Amino acid sequence: MKKEAPTDRRGFVKLCASAAAAIAARPNSLVGAVKHGELYQRVQLRKQDDTPLRASTLKHNENYLFFYPFVSTPCFLIRLDKTIDRPVRLTTGRGESYNWPGGVGPEHQVVSFSAICAHKMSHPSVQVSFINYRSEEVQFAGNDSQFHRRSNVIYCCSEGSVYDPAEGARVLGGPAPHPLAAILLEHDPNTDALYAVGVAGQSMFEPYFSAFAHRLELEFKTEHIDQLTRHSAYVVPLTQFCLRQVLC
Ligand code: FES
């Protein structure tokens with residue numbers, strides 16, 4: 001039976017009411033992306049000891065995880081080893097164009113994406129993750145039907161979708177029909193703090209709640225798996241959240 005996502009809709013209504021104010025408060029950082037995305041609540045990224053996460057303390061190429069914009073929707077946080085200071089134009093599966101704004105942080109290296117695969121929604125669970133950021137060189141079949149070897153990709157080993165995190169999670173190969181949804185981040189240069197503020201591109205949240213509701217309720221020990229993340233989101237290495245990573 002299809003599960004409704006009432007909080008999603010409530011969150012979106014709130015979003016509409018607050019989006020104009022949020023854009024006005026942060027005119028330069030997000031307008032281009034938000035035009036084809038959604039602003040959600042502004043949430044500070046924090047460490048498990050409840051202190052603010054500092055962008056400059058993130059390890060390069062570590063696969064971090066947090067939950068946003070809902071308490072059960074996983075996101076990757078990655079500090080790449082290169083600067084990405086230009087927006088990338090991408091297209092959803094519905095043919096809508098949107099801008100991914102690039103990296104944030106002191107060197108524009110910090111990026112974030114929904115960890116729900118755009119193909120059949122494989123995602124990290126407590127037991128296992130088939131979708132992982134891979135800093136080492138991997139081989140995959142590209143969109144041109146040729147084999148490629150590349151490092152620094154997000155690889156979903158369920159059916160072989162590969163995404164480029166330096167290009168807004170553009171699809172490099174496999175059956176995924178569109179990029180991973182991008183999590184919009186803000187960086188406070190005075191404090192080095194990071195905030196998640198919205199989502200750009202095509203999210204998979206409603207089908208994710210419909211397909212996995214019962215397992216998510218058990219895993220998160222709540223029926224309110226579609227509650228919005230409030231105030232803070234706790235960032236951990238993926239290896240700490242997930243018992244086993246499947247690496248293909
Ligand atoms: S679910 Fe990721 S490739 Fe199929």
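Refer to the structure printed above.
Only a predicted model underlies this, so the values are computations on that prediction, with no experimental measurement involved. (Residues numbered from 1 in each chain as written. Predicted model: local features only at pLDDT ≥ 70, side-chain atom pairs only at ≥ 80, totals over all residues.)

This part covers the overall build of the protein. Each helix and strand in the protein was counted, giving 4 helices and 18 strands. Burial statistics for the protein: of 248 residues in total, 41% are counted as buried. Sequence separation of at least 24 residues holds for 65% of the intrachain contacts in the protein that already meet a minimum separation of 6. (Helix = DSSP H or I, 4+ residues; strand = E, 2+ residues; numbered from the N terminus. Buried ≥ 20, exposed ≤ 12 C-beta atoms within 10 Å, placed from the backbone. Contact = placed C-beta atoms within 7 Å.)

Right, let's get into the sheet that holds strand β13 (residues 170-173). Pairing is antiparallel across the open sheet formed by 4 strands, whose spatial order is β8-β11-β12-β13. If you trace the sheet from one side to the other, it starts and ends with β8 (131-134) and β13, each paired once. Between one strand axis and the next, the sheet turns by 30 degrees as a mean value, whatever way the strands run. Both β8 and strand β11 (residues 153-156) contribute to a ladder of 4 bridges, which runs antiparallel. Residue asparagine 132 lies in a different strand from β11, and its bridge partner there is tyrosine 155. (Pairing = 2+ DSSP bridges. Axes fitted to C-alpha atoms, helices over the stretch in contact; angles between N-to-C directions.)

Attention now moves to the environment of asparagine 152. Mapped onto the fold, asparagine 152 is located in the loop between β10 (147-150) and β11. Spatially, the C-alpha atoms of asparagine 152 and tyrosine 133 are 6.9 Å apart, while their sequence positions differ by 19 residues. Residue contacts for asparagine 152: discarding those within four places in its chain leaves Leu80, Ser135, Pro165 and Ala166.

For the rest of this paragraph, the subject is the pairing of strand β12 (residues 161-164). In this structure, β11 lies alongside β12, joined through 3 bridges in antiparallel fashion. Paired with cysteine 156 across the strands is serine 161, a residue of β12. Linking β11 back to β12 in an antiparallel pair, the connection comprises 4 residues, with glycine 160 at a positive phi of about 90 degrees. Counting the residues between successive antiparallel strands, the hairpin from β12 to β13 contains 5 residues, one of them, glycine 168, with a positive phi of roughly 75 degrees.

Here helix α3 (residues 205-220) contains 16 residues, and its C-alpha end-to-end distance of 16 Å is more than 12% below the 22 Å for a straight helix at 1.5 Å per residue. In the structure, α3 departs most strongly from a straight axis at phenylalanine 212, where the bend amounts to approximately 80 degrees. Every buried residue of α3 is accounted for by Phe205, Tyr208, Phe209 and Leu216. In the segment just after α3, lysine 221 is the residue with positive phi, at about 55 degrees. (Expected span 1.5 Å × (residues − 1). Bend = angle between axes of the 7 residues up to and from the residue.)

Our focus in this paragraph is unusual backbone geometry. The step from tyrosine 68 to proline 69 runs through a cis peptide bond, and the omega angle for that step is -5 degrees. Mapped onto the elements, proline 69 comes out in the loop between β2 (64-67) and β3 (74-79). In this model, alanine 169 sits at a positive phi of 65 degrees, which is unusual for a non-glycine residue. The residue alanine 169 is located in the loop between β12 and β13 in this model. Judged by the 27 C-beta atoms lying within 10 Å of it, alanine 169 falls in the buried class. Even without being a glycine, lysine 221 presents a positive backbone phi close to 55 degrees. Structurally, the position occupied by lysine 221 is in the loop between α3 and β16 (232-234).

Attention now moves to the environment of valine 138. With respect to the element layout, valine 138 can be found in strand β9 (residues 138-141). The class for valine 138 is partly exposed, based on 18 C-beta atoms found within 10 Å. With sequence-adjacent residues up to four places away left out, valine 138 is seen in contact with Arg150, Val153 and Tyr155.

The biggest cluster of nonpolar side chains holds 63 residues, and the ones touching the most others in it are Phe66, Phe76, Phe113, Ile154, Ala182, Ile183 and Ala196. In contact with alanine 182, not counting residues within four places along its chain, are Trp100, Phe113, Gly168, Ala169, Val199, Ala200 and Gly201. (Core = buried A, V, L, I, M, F, W, Y, C linked by C-beta atoms within 7 Å.)

As for its placement among the helices and strands, alanine 213 is situated in helix α3. For the pair alanine 213 and serine 72, spaced 141 residues apart in sequence, the C-alpha separation works out to 9.7 Å.

Purely geometric stuff here, so don't read any function into it on its own.
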